[in-house]
Amino acid sequence: MELKNKIAIVTGCSKGIGLELVNQLLDKGMKVAGWSRTDPNISDDNFFFVKTDVSDGTSVNNAFEETTSKFKGKVSILVNNAGMGHHGTMLDMSFDKWKEMFDINVHGIYFCSNAVVPGMKEADEGHIVNVGSIAGLNPIKGMVGYAGSKHAVTGISHSMFMELREFGIKVTCIYPGSVKTNFFDKIDAVEANDNMMRPEDVASSIVFCLETHENFLPVDFEVRPLRPKGKG
């Protein structure tokens, strides 16, 4: 897809992969709406921040109306990047933490995707990228709730691509390994470090998928650090 002058929505835009992606899409000449709970304070005429709770359908619908009113056009790209995780076994984890992960990681995809798909169908063009995790491919001890939510993202993404491809809409799921972001701030078992991937590299991988030829559909894209434990 040619990105210049088209409209993109990036959820979870305030830091990490989302923030890097917003900046890279702006560099490509896109109009970008950033949806998150925190304003990243980006100073660019083509950036529009909307305070949004992706786990709440009303909040998402209001954000979508504000976005289309601001940019006056159909949304071509949605990146479902908002996500979070709690560490803990099934027995140790409170239901509130369990529910929070599924509300943001899973239900957020439902609300945001349903907002943009009708317009994409009408345009016969669109690309939705769901930011999953290698936890959505492999079990992780002590991260049962997070892994469960990301396995849901994998299944949802695969079914979405099969449902939407005939309408000219691409759906890609990217599976990052460990990334040096604030994700680990609340996880005592792991500390972010320089052996993890840089968020800008994961963001550039997403941009690569978005710029592919109209008849080329990247369904799954797994990215990992080369030496997650550093040099031996």
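Residues numbered from 1 in each chain as written. Predicted model: local features only at pLDDT ≥ 70, side-chain atom pairs only at ≥ 80, totals over all residues. Heavy atoms only, no water.

On to helix α3 (residues 95-123), then. Spanning 29 residues, α3 covers 41 Å between terminal C-alpha atoms, matching the ideal 42 Å at 1.5 Å per step. Maximum bend of α3: about 40°, positioned at His107. With its phi angle positive at about 60°, Asp124 sits one or two positions after the end of α3. (Helix = DSSP H or I, 4+ residues; strand = E, 2+ residues; numbered from the N terminus. Expected span 1.5 Å × (residues − 1). Bend = angle between axes of the 7 residues up to and from the residue.)

Between α3 and helix α4 (residues 144-164), the shortest axis-to-axis distance is 8 Å and the interhelical angle comes to 15°. The orientation of α3 relative to α4 falls into the category roughly parallel. The chirality of how α3 crosses α4 is right-handed. Residues Trp98, Met101, Phe102, Asn105, Val106, Ile109, Ser113, Val117 and Lys121 of α3 pack against Val144, Gly145, Tyr146, Gly148, Ser149, Lys150, Ala152, Val153, Ile156, Met160 and Leu164 of α4. (Axes fitted to C-alpha atoms, helices over the stretch in contact; angles between N-to-C directions. Parallel < 35°, antiparallel > 145°, perpendicular 65-115°, else oblique. Left-handed = near helix turned anticlockwise from the far one by under 90°. Contact = heavy atoms within 4.5 Å.)

To continue, consider the packing of helix α2 (residues 57-71) against α3. Helices that pack against each other are described as a pair by the angle of their axes relative to one another and the distance between those axes. Axis separation between α2 and α3 bottoms out at 9 Å; the angle between their running directions is 35°. Crossing of α2 over α3 shows right-handed handedness. In this structure, α2 uses Gly57, Val60 and Phe64 to contact α3, whose residues at the interface are Phe111, Cys112, Ala115 and Val116. Across the contact of α2 with α3, the residue classes break down as six nonpolar, one polar and no charged. (Nonpolar A, V, L, I, M, F, W, Y, C, P; charged D, E, K, R; others polar.)

Our next topic: unusual backbone geometry. The backbone of Asn41 shows a phi angle near 55°, a positive value even though the residue is not glycine. For Asn41, the position within the fold is in the loop between β2 (31-36) and β3 (47-51). Owing to a relative accessible area of 63%, Asn41 belongs among the exposed residues under this scheme. (Buried < 20%, exposed > 50% of the residue type's maximum accessible area, 1.4 Å probe, protein only.)

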